[in-house]
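One-letter residues, chain by chain:
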Amino acid sequence: MSRKPDRKPLHLNAFLMSTGHHEASWRLPESPAEANSDIEHYKNLARIAERGRLDSLFLADSPVLMGDPGRRPAAKLEPTVLLTALAGATEHIGLIATASTSYNEPYNLARRFASLDHISGGRAGWNIVTTAGADAARNFGLDDTPLHRDRYRRAAEFVEVSTKLWDSWADDAVIADKERGVHALAERVRRIEHTGEYFRVDGPLNVQRPPQGYPLLVQAGSSEDGKDFAARYAEAVFTAQQTLEEGIAFYKDVKQRAEAVGRNPDGIKILPGIVPVIGDTEAEAHSLDAELEELIVPEYAKRQLAQRLRIAPDDLDLDAQLPEDIPTEDEIEGAKSRYTLIVELARREKLTVRQLIGRLGGGRGHRTFAGTAEQVADTIEHWYDSGAADGFNIMPAVLPSGLEVFVDRVVPILQERGLFRTEYTARTLRGHYGLPRPANRLFETVDHSEGHFGIGLAEVR
C-alpha cells in the first residue's frame, strides 16, 4: 500500500498495562507474576518503546481497585510517581499519566505534572478523565458520583485552573542573578485569583512554568460530552473504534467540533486503540489469540461484563446473546461510549455472551487484530490513509513480548513505507506530536489563531 503524499507523519503511543491488555496474559508461563508493581519491568517496557522511536507511553489509572483482584493483577502504582522513575530510565519518549478531575484538586495536580515535565525535560502528558462510579466516590467520603454532565463541567474548570497555574510564572521569571542577589523577578510571578463554580484558587503555583508550557493534554471519552470536551481542550484523543466506518465518522466529528470552537483541527490528534497479536504466519497469530482466549475464566469475565452492563450476572447466559432488556446509554452514568460500543458489537455480530467475553478479553472494546507483522502494518496504514486516525494507541495483548514484536517487526515496515520516524527529531512530547508550545496567557500576547489557550508559539525543540 502506498502512502498518500498529503498525510503527515504517523503517531504511535504504547499503552502499558502490567502483563498486557489481555485479561489472561498473566497466566502465561513467561509472564512476570509481580509485573504490576515491578519498576524494572516498566523500565524495560519504556526502553523497548523508545527503541522503536514511539512518540509516547501511557499509563491508565483509577482511584478505585479496578475489577476483581482474583481475575487478573489489579493493583497499580501511582502513574506520575512511576513515570518520574521512567523519566530517568529514558531520554526521548513521552510520558503520559491518567489523572482524574473528579478526585483531585487543580493545585496539587498541576504541581505534580509541572514537576514531571521539569524532571523529564519536557516529556509529560496528562490524560484527563472524569471518574464515575459509586465505588470511587466512597473512597473520598461521597455517597455517589456526580452526574455525567456535571463531571465534565468540573473537568472543564479544572483544566482552566491548571493552565492558569502553569501560566502563573512567566517563562523569563527566573534570572538567577547571583551578583545582584535576585533569583526571580517577583513581577513575573502572579496570583491567578480564580473563583468559579467548583474551585477557588489564588496561586501562584510553587513550581515554575513547565518546559512545554503545559503538559500534552490527552482525553479518552467518546460520549457527546466527551467529544465536546476533547474538541475544546484535548491535543490527543485515545479512542476505541471497532470498524473503519466508525473510525472515520469519529475522526470527522471531533475535528469538526474542534474547528467549530476556533481550533485548528490539526492541533488535535486522534489515536484509536489496537490490540495486535502478531505471528510469523496468520495461522500462528490466530493460534496465539485462541490460546489466550482459552485462559479466560468465564465466571470472572461474566461478572465483569454484568457490572459494566448494570445487570445481575445471573441475567447473562454464556451461550446466549445479550438480553433485550438491558439499560440504554441514557441510563448509564459512567463510560457511556464504551457501554454503547460493547452493546453494538454484540448486537451487530450476534455474539453469545461467551463470544463477547472472548472479544473483550483482549482490549475491553478496543479493536483486536491477529495477523502477521505485514498485515498489522497494512491495517494501520489503511485506517491512517482512510482518514480514521492520526496514529494509534498500541495495546499489546502480552507484555513484554507483544511490545517487542511490534517494535522489532511492525515499526520497521512502517518506517520503510515512510509513515514513521527513524530517529527522534524533537526534544519534547509536544515536539514528537508536531504541536506548538502554548503561549502564556498571563504574560504574553495571546495568539488565538491556532486554537484554544492561544496555542500558536513555535515549538522549542
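Going by the structure above, here's the rest.
Only a predicted model underlies this, so the values are computations on that prediction, with no experimental measurement involved.

Draft legend 1. Highlighting the pairing of strand 3 (residues 94-100). Most of strand 3 sits out of view: seven of its seven residues are buried. With burial as the criterion, each face of strand 3 is covered, one bearing Gly-94, Ile-96, Thr-98 and Ser-100 and the other bearing Leu-95, Ala-97 and Ala-99. Where strand 2 (residues 56-59) lies against strand 3, four bridges are found, and the strand directions are parallel. What sits directly across from Phe-58, in strand 3, is Ile-96. The pairing of strand 3 with strand 4 (residues 124-129) spans six bridges and is parallel. What sits directly across from Ala-97, in strand 4, is Trp-126. On the question of chirality, the crossover connecting strand 3 to the parallel strand 4 by way of helix 3 (residues 106-120) is right-handed.

Draft legend 2. Structural context of the packing of helix 3 against helix 5 (residues 148-166). Following both chains from N to C, one finds helix 3 and helix 5 inclined at 55°, their axes separated by 9 Å at the closest point. Classified by the angle their axes make, helix 3 and helix 5 are oblique. As for the relative orientation of helix 3 and helix 5, their crossing is right-handed in sense. On helix 5, the residues touching Pro-106, Tyr-107, Leu-109, Ala-110, Phe-113 and Ala-114 of helix 3 are Phe-158, Val-161, Ser-162, Leu-165 and Trp-166. Looking at the contact of helix 3 with helix 5 residue by residue, the class counts come to 10 nonpolar, one polar and no charged.

Draft legend 3. Focus on the pairing of strand 2. Of the two faces of strand 2, both are covered, the one formed by Ser-56 and Phe-58 as well as the one formed by Leu-57 and Leu-59. Sheet topology note: the strand 1 (residues 11-16)/strand 2 ladder contains four bridges and is parallel. Residue pairing in the sheet places Asn-13 in a bridge with Ser-56 of strand 2. Note that the unit made of strand 1, helix 1 (residues 39-51) and strand 2 has a crossover that is right-handed.

Draft legend 4. Region of interest: the pattern of salt bridges. For the coordinates displayed, the defined rule picks out 28 salt bridges. Among the salt bridges present, the one from Glu-160 reaches Arg-441, with a minimum N-O distance of 3.3 Å. A residue pair is termed long-range when its members are at least 10 positions apart, and Glu-160 in helix 5 and Arg-441 in the loop between strand 14 (437-438) and strand 15 (455-457) qualify at 281 residues. Look at Glu-160 and you get buried, because its relative accessible area is 17%. For Arg-441, a relative accessible area of 24% corresponds to the partly exposed category.

Draft legend 5. Structural context of the side chain of Thr-90. Along the chain, Thr-90 turns up in the loop between helix 2 (79-89) and strand 3. Polar contacts involving the side chain of Thr-90 include one to the main-chain carbonyl oxygen of Leu-86, which spans 2.8 Å. Only 2.8 Å separates the side chain of Thr-90 from the side chain of Arg-123, close enough to count as a polar contact.

Draft legend 6. Representation of the environment of Thr-98. In this fold, Thr-98 is placed in strand 3. With relative accessibility at 4%, the residue Thr-98 sits in the buried group. Taking C-alpha positions, Thr-98 is 6.9 Å from Val-129, a pair spaced 31 residues apart along the chain. For Thr-98, the residues in contact, after removing those within four places along its chain, are Phe-58, Leu-59, Ala-60, Asp-61, Pro-79, Asn-127 and Val-129. Within the local environment of Thr-98, its side chain forms a polar contact with the backbone oxygen of Leu-59, the two atoms lying 3.1 Å apart. Among the polar contacts listed, one links the side chain of Thr-98 to the side chain of Asn-127, at a separation of 2.9 Å.

Draft legend 7. The arrangement of unusual backbone geometry in detail. Residue Pro-204 is reached from Gly-203 by a cis peptide bond, and omega for that bond is 0°. Tracing the sequence through the fold places Pro-204 in the loop between strand 8 (200-201) and strand 9 (216-219). In this structure, the amide linkage connecting Leu-399 to the following residue, Pro-400, adopts the cis form with an omega of 5°. Even without being a glycine, Arg-53 presents a positive backbone phi close to 65°. You can see Arg-53 is positioned in the loop between helix 1 and strand 2. If you check the backbone angles, Glu-193 has positive phi at about 45° while not being a glycine. Assignment of secondary structure puts Glu-193 in the loop between strand 6 (182-184) and strand 7 (194-195).

Thresholds applied
Residues numbered from 1 in each chain as written. Predicted model: local features only at pLDDT ≥ 70, side-chain atom pairs only at ≥ 80, totals over all residues. Heavy atoms only, no water. Buried < 20%, exposed > 50% of the residue type's maximum accessible area, 1.4 Å probe, protein only. Helix = DSSP H or I, 4+ residues; strand = E, 2+ residues; numbered from the N terminus. Pairing = 2+ DSSP bridges. Right-handed = clockwise from strand over helix to strand, strands pointing away. Axes fitted to C-alpha atoms, helices over the stretch in contact; angles between N-to-C directions. Parallel < 35°, antiparallel > 145°, perpendicular 65-115°, else oblique. Left-handed = near helix turned anticlockwise from the far one by under 90°. Contact = heavy atoms within 4.5 Å. Nonpolar A, V, L, I, M, F, W, Y, C, P; charged D, E, K, R; others polar. Salt bridge = Lys/Arg side-chain N within 4 Å of Asp/Glu carboxyl O. Polar contact = N/O pair within 3.5 Å; in protein donor to acceptor, adjacent residues only side chain to side chain.

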